[in-house]
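This is what each chain is made of:
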Amino acid sequence: MSDAVLTVRHIRQNLASRRRVVSLGLTLALLVTFALALYLGDYAVPPSGVIQSLLSPLTGMANKGVDFIVLNVRLPRATLAVLTGASFALSGIIFQTLLRNPLASPDIIGISHGASAAAVVCIVLFGMTGFGVSLGALAGAVLTALIIYVLSWRNGVTAYRVVLIGIGMAAIMMAVVSYLFTRARLVEVQQALAWLVGSLNAANRADIIPLAIAMLVLLPITMALSRVLDALQLGDDTASALGARVETARLGLMLAGVAYAAFATAAVGPVAFVAFVSGPIARNLLNGAGKGFVQAALVGALVMLGSDLVAQHVIPAVQLPVGVVTGLLGAAFLIWLLIVSNRAGRVN
Amino acid sequence: MTINHQLLAAGMDLGYGERKVVDDLNLTIPPGKLTVIVGANACGKSTVLRGLARLLAPTRGAVYLDGKPIHQMSTKEVATILGVLPQSPIAPDAIVVSDLVGRGRYPHQGWFRRWTPEDDAAVAEALRATDTLELADRPVDELSGGQRQRVWIAMALAQQTDLLLLDEPTTFLDINHQVEVLDLLTDLVKHSGRTVVVVLHDLNLACRYADHIVAMKAGKLVAQGRPADVVTEAVVADVFGMASRIVIDPISDTPMVVPIGRHHVGAGAKLSA
């Protein structure tokens, strides 16, 4: 083998090992945070008790009080945080990569806002709760994405138009929410506001199942289509020249991106900025060593789970909604991104 | 790279929406040669390249690759025969050179066939041919314009196609880098028998490097052939609407266009005017 081939192989292996190190580090951090989420709480359970509870379906050694806290409260909550965090992150990185713009995540370009407006309509106008609101949010997200796509279409979809129209849609949807608030009774406004901030406080198994099923379907599709991104990232013409089916792949990925955002929002509400920050954080960690889909999903899960821990425990005896913490985190990140991209004279 | 593929356009109209940009073009690309397409801004030369490259479907007529209508072939089949470097490809943030060049292996990979030693060899060969091996582990956004263009050409080379189409690969480059890129393309034709088609702005570099030159004006083909036969004062006046004198390039013995303009009245201007 010639020196040149060895050089190329060496660089490729270096990139692959950087990917592995980042993934491994994030996985470890996620495991530790997950363990903390099962252990921490107002009702003190020793680590051995947590483990015993987790194994109780196998061992049959039941301790009703502890099992309820660990298996029915903390475990569903942490699981839902991981699944929604990963979904938001994947939705974000799909849109950011396809539209080549870090601002193009679903929580900025109106998809989350569409879900919010639909949910508030369900709560205020139809007096719905729980599952009905989730279904409404799902429909709202999909419908808004469709409207944005149609309005941006002019012989193809350009990133710039999607971002501008999306930001416009977000404003319209927030206006719908505000209008409904002026018409609603106080108790409905409270319920709607709690939903809008996004919270894991009421997490239970019923919230997890639809999202888990959606992810089981979406993950293989995403994995398969993300290969096309190797070509698509170089621009549409270059991708076609490399033999990629550009329009098919883009449409498939966008549908997957909308579905991730829609199902996650339906489960926990429009938790701010998780979709927006996860991809760029993962890409920064990788520093050019890959598209970062897997790593972004891990970052998203970590951000969601970590933020929820902070939200639960930072003020004693007060449970903040997770969206308050992610909102603060995301706002700081947005400002940093604007400063950095202004300095570089580009948003890319 | 011993088989030469046939690429030709027959009665081809190209346009965007209602606007017709190229009108009834018949063009056969000579195999194993460097073909350069020239013409004034907005004459449709880049559009012709996009049509030939299957990136834009003709509104009338067709492009044939080895006798088959190219728009009826699968994208993947075309991508193993014909490589294209568009005018402004996008490099993903922080990507390193050999990773970018590796993207050229896309048509050779499949859902199940991932990276192989052959791919490493193809990337290494492309880096060597473009003299970018020592840049292999550098991030693309840190390179100079000339280096970056060579890296993009390497990406197209890693595709290992017999035909290579490039849209203005020398735009925005300093003169030394322009010459560097055209020397490289000439190497590809001379040493590996590839067929290369380039759209160029600079008429004199086109004359020097082209085996076959194609002159276009307002979407129509005006003249084609060897630069020495095609590039005359009359053709330049027709294509660019500009008076000029043709002298002989002292280095390459090819025609060299000296523009006249309104402010410099030397001996040449008087002769032509």
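As a convention, each chain's residues are numbered from 1 in the sequence order in which they are written. Chains and ligands are labelled by the order in which they are written, letters from A for the one and numbers from 1 for the other. At least 70 in pLDDT is required for a residue's local features to be given in this predicted model, at least 80 for side-chain atom pairs to be given and counted, and no such filter applies to totals for whole chains, interfaces and linings, which use all residues.

Colleague: How do you make sense of the overall build of chain A when you look at a structure like this?
Modeller: Working definition: helices are DSSP H or I runs of at least four residues, strands are E runs of at least two. Numbering for both runs from the N terminus. A tally of regular secondary structure across chain A gives 13 helices and zero strands. When the helices and strands of chain A are placed in sequence order, the string is α-α-α-α-α-α-α-α-α-α-α-α-α. Against the compact-globule benchmark of 20 Å for 348 residues, chain A has a radius of gyration of 21 Å, which places it among compact chains. A principal-axis box enclosing the C-alpha atoms of chain A has dimensions of 65 × 55 × 40 Å. Exposure in this text rests on C-beta crowding, where 20 or more other C-beta atoms within 10 Å of a residue's own make it buried, 12 or fewer make it exposed, and counts in between make it partly exposed. The C-beta atoms are placed from the backbone. The buried share among the 348 residues of chain A stands at 47%. Based on C-alpha atoms, the radius of gyration is set beside the globule rule, defined as 2.2 Å times the residue count to the power 0.38.

Colleague: Help me out: how do you make sense of the overall build of chain B in this one?
Modeller: Looking only at helices and strands, one finds ten helices and twelve strands in chain B. When the backbone C-alpha atoms are referred to their principal axes, chain B occupies close to 65 × 40 × 35 Å. In chain B, which comprises 273 residues, the proportion classed as buried is 46%. Contacts here follow a simple rule: the backbone-placed C-beta atoms of the two residues must lie within 7 Å. Counting only contacts in chain B whose residues sit at least 6 apart along the sequence, the fraction spanning at least 24 positions is 64%.

Colleague: Explain the nonpolar core to me, please; I cannot follow it from the model alone.
Modeller: Side chains of nonpolar character tend, in soluble globular proteins, to be buried together. Any nonpolar core is a set of buried residues, restricted to Ala, Val, Leu, Ile, Met, Phe, Trp, Tyr and Cys, that join up through C-beta atoms within 7 Å. Within the largest apolar cluster, 187 residues are counted, with the highest numbers of intra-cluster contacts made by A89 and F263 of chain A together with V36, V101, L165 and A206 of chain B. The element contributing the most residues to this core is helix α3 (residues 64-98) of chain A, with 16 residues. Sequence-distant contacts of F263 of chain A, defined by excluding residues within four places in its chain, comprise S87, L138, P210, L211 and A214 of chain A.

Colleague: Would you mind going over the interface of chain A and chain B with me for this structure?
Modeller: The accessible area lost on association of the parts is a frequent measure of interface size. Listed as interface residues are 29 residues of chain A and, on the opposing side, 34 residues of chain B. Secondary structure elements with two or more residues in the side of chain A that touches chain B: α1 (3-39), α8 (205-232) and α9 (236-241) of chain A. The dominant element in the side of chain A that touches chain B, judged by the number of residues it contributes, is α1 of chain A, at eight residues.

Colleague: It is not clear to me how the sheet that holds strand β5 (residues 68-69) of chain B should be interpreted in this structure. Could you clarify?
Modeller: Strand pairing in a sheet is mediated by backbone hydrogen bonds. Such pairs are either parallel or antiparallel. Residue and element names in this part refer to chain B. Each pair of strands is called paired provided DSSP finds at least two bridges between the two strands. Strand order in the open sheet made by the four strands is β2-β1-β4-β5, with antiparallel pairing throughout. Every interior strand has two partners, whereas the edge strands, β2 (19-29) and β5, have only one. Relative to β2, strand β1 (residues 7-16) is paired through seven bridges, and the arrangement is antiparallel. Considered in β2, the bridge of Y16 is made with R19.

Colleague: Help me understand helix α6 (residues 159-183) of chain A in this model?
Modeller: For an α-helix, the turn length of 3.6 residues means that residues three or four places apart are oriented alike. Residues and elements named next belong to chain A. Take the residue count of a helix, subtract one, and multiply by 1.5 Å to get its expected span. Over its 25 residues, α6 runs 36 Å from end to end, which matches the ideal 36 Å to within 8%, given 1.5 Å per residue. Within the sequence span of α6, burial applies to V162, V163, G166, M169, A170, M173 and V177. Tucked into the core, α6 has its buried residues touching α4 (111-126) and α5 (131-152).

Colleague: Please clarify how the sheet that holds strand β10 (residues 220-225) of chain B should be interpreted in this entry.
Modeller: Residues and elements named next belong to chain B. Spatially, the six strands line up as an open sheet ordered β6-β7-β8-β3-β9-β10, and their pairing is mixed. With partners counted over all chains shown, the strands left at the sheet margins are β6 (82-85) and β10, one partner each. Averaged over neighbouring strand pairs, the angle between their axes works out to 15° when direction is ignored. Bridging between strand β3 (residues 34-39) and strand β9 (residues 212-217) involves five bridges; their strand directions are parallel. Looking at the pairing, V36 lines up with I213 of β9. Geometry is summarised by axes, namely lines fitted to C-alpha atoms with helices restricted to the contacting stretch, and by angles between N-to-C directions that run from 0 to 180 degrees.

Colleague: Can you walk me through the pairing of strand β7 (residues 163-167) of chain B in this structure?
Modeller: Side-chain direction in a regular strand flips from residue to residue, so the side chains alternate between the two faces of the sheet. Residue and element names in this part refer to chain B. The element β7 is largely enclosed, with a buried count of five among its five residues. Going residue by residue along β7, you find L163, L165 and D167 tucked away on one face and L164 and L166 tucked away on the opposite face as well. As judged from the four bridges shared by β6 and β7, these two strands associate in the parallel manner. Pairing of G83 across the sheet is with L164, part of β7. Two elements, β7 and strand β8 (residues 195-199), share five bridges in a ladder whose sense is parallel.

Colleague: In this structure, what is going on with the environment of L337 of chain A? I would like to understand it.
Modeller: Turning to its location among the elements, L337 of chain A is positioned in helix α13 (residues 322-344). Sequence spacing of L337 of chain A and D67 of chain A is 270 residues, and the spatial spacing of their C-alpha atoms is 44 Å.

Colleague: Explain the packing of helix α5 (residues 145-158) of chain B against helix α6 (residues 175-192) of chain B here, please?
Modeller: Each packed pair of helices is defined by two parameters, the angle between the axes and the distance between the axes. Residue and element names in this part refer to chain B. Contact geometry of α5 with α6 gives a least axis separation of 9 Å together with a crossing angle of 20°. One way to sum up the angle between α5 and α6 is to call them roughly parallel. Considering how the two elements wind past one another, α5 and α6 form a crossing that is right-handed. Residues G145, G146, Q149, R150 and I153 of α5 pack against H177, E180, V181 and L184 of α6. For classification, angles of less than 35 degrees are called roughly parallel, those exceeding 145 degrees roughly antiparallel, those between 65 and 115 degrees roughly perpendicular, and all remaining angles oblique. The crossing is said to be left-handed when, going from far helix to near helix, the turn is anticlockwise and less than a right angle, and right-handed when the turn is clockwise.

Colleague: Just checking my understanding: could you explain the confidence of the model for chain B for this structure?
Modeller: Residues shown with low pLDDT carry predicted positions that ought not to be read at fine detail. All names here are of chain B. In the predicted model, chain B carries a mean pLDDT of 89, and the fraction of residues at 70 or more is 95%. Scored from 0 to 100, pLDDT reflects the predictor's confidence in each residue. Of all secondary-structure elements in chain B, the lowest mean pLDDT belongs to helix α10 (residues 267-272), at 52, while β8 reaches the highest, 95. The ipTM assigned to the predicted complex is 0.87, against a pTM of 0.88.

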